[in-house]
Every structure is written in C-alpha cells, then in structure tokens.
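Now for the letters of each chain:
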Amino acid sequence: MDILPNFIVFEGGDGAGTSTQLNLLREKMEGRGRRFFPTFEPTNGPLGRVLRSALEGELTLKGETLAFLFAADRNEHLYGPGGVRERCREGAIVVSDRYVPSSLVYQGIDCGDELPQRLNEGFPAPQILFYFELDPLCALERIQGRGKQDLFEYREFQEKVCRRYQDILPRYRDAGVEVITINAAQPIETVAEAIWKVIAALL
Ligand code: TYD
C-alpha cells in the first residue's frame, strides 16, 4: 500500500461527528501559514451527487453499482484537477471526511469484500487515519436528532460497520499508516483538541 504524505482521513460510523470536527479543524487552521484543504466523499462532483441521491433514497441502485460509483467518484477526487494528490504534492495538508475505508466497510457489508477491495486497491493510503469510535446506539440517537435517515443509517447496519472497522484498521496500521482511535463520545471540544494535538505536530 503506497502512502500519500500530507493526506489525512476521518472515518467512523454515521453520526460519529467527522463532519463537525472537519469544520472545527478548518477554523483552527485559519491563519496558520500552512495550506489546508478540507474535503469529503462522496464529493460534490457529478458522481458524488448521484451517490447522495441514492443515499437519500431518491434513486434506487444496486449495491454493486454504488461500489463502482464510490470508486469512480474517488478517482476524480484524488486525481482530477485540484484534487487530493495534486494538493498533497504541493505541500498542503489535505483532510478528507471519508475515503477508501468507508467503501471497504460499507460496501463490504452491502455486496461482499471482493468487489470493493478490487475497485479500491490502487488508491494510496493516507498518512494518518483518525477512527471516530462511537457506540452505534449513541450515534443513531444523534442521527435521529437530525430528522431524516439515509440508506445505511439503521441499527443492524451500524453495528456491522463498527465491527468491520475493527477488522480493517489493523491492515492500515501494518502498512505504516498512523491509525489514531478517537473516543467520539467525548464532548466536541475534547475531540477537537485530541485531533489538534496530532495536526499541530505536523505544522
Ligand atoms: P457521510 O459522511 O455520513 O455524509 P453526510 O453526513 O453528509 O450524509 O457519508 C454519507 C454516507 O455514505 C455514509 O453513510 C457512508 C457512505 N459511504 C459509503 O457507503 N461508501 C463510501 O465509500 C463512502 C465515502 C461513504
């Protein structure tokens, strides 16, 4: 597994707070004199938009089709103009809310290990992977507070998600990725500080 230096990824089950933390990190990075590029998957690009409508239930697609679309969206995200690879090479710190591990976990549950593994094996690994660990029941309570629920946001699925992350994280560790587990049940500010300690060391 090749590692892409300066690339950092946030992962976790739904409702674990990765998007909130990415926004907080963006604020903390302002005026630090180091370029910072926060980003996310599914992206805002055309394929990401198709994915979001499938996640929101406006469109019904087979699990395998989703696996292909997530990988295709990722390919643009990484290698397209102004994409992750280009920015990392320019020396920016790039932090993505979700990446390959989400496909290995979610599509692995949905359509088996083989397809998502094959579609994602060529993508580089991040330098640092933050795993937001949160009990699925607690996560689902947070999600229910938001009103509408997406395709994968139900209990049995999220319990599998938790277990699968535990299965795949050691692979990243063995490949030389810095894997950091964050207790996402802590207050938002405590989580933000734990993340900041790691990021500040890179500056
Ligand atoms: P999420 O970051 O939770 O988006 P939002 O909170 O804005 O709705 O991601 C959307 C969903 O997509 C989430 O349930 C995980 C799923 N997902 C996959 O199934 N495979 C992938 O490869 C990625 C990137 C996301």
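Look above for the structure.
All residue numbers refer to position in the chain's written sequence, counted from 1. Side-chain atom pairs in this predicted model are given and counted only at pLDDT of 80 or more, local residue features only at pLDDT of at least 70, and totals for whole chains, interfaces and linings cover all residues. Derived side-chain values reflect all non-hydrogen atoms in the structure, with water molecules and hydrogen atoms excluded from consideration.

Only Phe, Tyr and Trp rings take part, Trp by its six-membered ring, and two of them pair if their centres are within 6.5 Å. Stacked means planes under 30 degrees apart, edge-to-face means over 60, and tilted covers everything else. Throughout the structure, instances matching the rule amount to nine aromatic pairs. With 6.3 Å between their ring centres and 20° between their planes, Tyr79 and Phe123 make a pair best called stacked. With Tyr79 in helix 3 (residues 63-79) and Phe123 in the loop between helix 6 (114-120) and strand 4 (125-133), this pair connects stretches of sequence that are 44 residues apart. Note on exposure labels: buried denotes an accessible area under 20% of the residue type's maximum, exposed denotes more than 50%, and partly exposed covers the range between, all computed with a 1.4 Å probe on protein chains only. Given a relative accessible area of 10%, Phe123 falls into the buried group. Members of the aromatic cluster, each reached through a chain of ring pairs, are Tyr106, Phe152, Tyr154 and Phe157. By definition, any uninterrupted DSSP run of H or I lasting at least four residues is a helix, any uninterrupted run of E lasting at least two residues is a strand, and each is numbered from the N terminus.

Okay, helix 2 (residues 46-55) next. Those residues of helix 2 not exposed but buried are Gly48, Leu51, Ser53, Ala54 and Leu55. Against helix 3 lie the buried residues of helix 2. At the exit of helix 2 stands Gly57, carrying a positive phi of roughly 85°. Any pair of residues with heavy atoms lying within 4.5 Å of one another is described as a contacting pair.

Our focus in this paragraph is unusual backbone geometry. Of note, the bond from Glu41 into Pro42 is cis; its omega dihedral lies within 30 degrees of zero at -5°. Inspection of the secondary structure puts Pro42 in the loop between strand 2 (36-40) and helix 2. In this model, Asn6 sits at a positive phi of 80°, which is unusual for a non-glycine residue. Secondary-structure assignment places Asn6 in strand 1 (residues 3-12). Despite not being glycine, Arg98 has its phi angle at roughly 80°, a positive value. Within the secondary structure layout, Arg98 lies in the loop between strand 3 (93-97) and helix 5 (100-111).

With that out of the way, let us pick up the nonpolar core. With 33 residues, the main nonpolar core has Phe7 and Tyr172 as its most contacted residues. When residues of this core are traced back to their parent elements, those giving at least two are strand 1, helix 2, helix 3, helix 4 (84-89), helix 5, strand 4 and helix 8 (155-174). With six residues, helix 8 is the largest single contributor of residues to this core. Dropping the residues within four chain positions of it, Phe7 is found in contact with Val84, Cys88, Val94, Ser96, Tyr99, Pro126, Gln127 and Ile128. By nonpolar core is meant a set of buried Ala, Val, Leu, Ile, Met, Phe, Trp, Tyr and Cys residues that side-chain atoms within 4.5 Å join together. Membership of the second largest hydrophobic core comes to 22 residues, among which are Phe10, Leu25, Phe36 and Ile93.

Let us now look at the environment of Ala54. Relative to the assigned elements, Ala54 resides in helix 2. According to the relative accessible area criterion, Ala54 is buried, its value standing at 5%. Measuring from C-alpha to C-alpha, the distance between Ala54 and Leu151 comes to 7.7 Å, with 97 residues separating the pair along the chain. In this structure Ala54 touches Leu59, Leu61, Leu66 and Leu151, once residues within four positions along its chain are discounted.

In the vicinity of the ligand, 13 residues are found, and the nearest of them are Asp14, Arg74, Arg98, Ser103 and Gln107. As used in this structure description, the phrase polar contact means that two N or O atoms lie within 3.5 Å; if the pair is within protein, one of them must be able to donate a hydrogen and the other to accept it, and residues adjacent in sequence are counted only when both atoms belong to side chains. At 3.0 Å from an oxygen atom of the ligand is found a side-chain nitrogen or oxygen belonging to Arg98. Between the ligand and Ser103 there is a distance of 2.6 Å, counted from an oxygen atom to a side-chain nitrogen or oxygen. For the ligand, the protein covers 88% of the area, taking 550 Å² as the surface of the free molecule. Only protein atoms enter the calculation, which uses a 1 Å grid: trapped sets of points that fit a 1.4 Å probe without letting it out are cavities, open sets showing protein on both sides within 12 Å along at least five of seven lines are pockets, and any residue with an atom within 4 Å of a point is a lining residue. To decide whether a molecule occupies a pocket or cavity, check its atoms: if more than half lie within 2 Å of the grid points, it is inside. At a threshold of 2 Å from the grid points, most atoms of the ligand map onto the largest pocket. The dominant element in the shell around the ligand, judged by the number of residues it contributes, is helix 5, at four residues. Looking at the shell around the ligand, its residues break down into four nonpolar, three polar and six charged. The criterion for a residue being near a molecule or strand is simple. One of its heavy atoms has to lie within 4 Å of it. Surface accessibility in these figures is a Shrake-Rupley result with a 1.4 Å probe; residues are shielded only by whichever protein chains are displayed. Here the nonpolar group is Ala, Val, Leu, Ile, Met, Phe, Trp, Tyr, Cys and Pro; Asp, Glu, Lys and Arg are the charged ones; every other residue, Gly included, is treated as polar.

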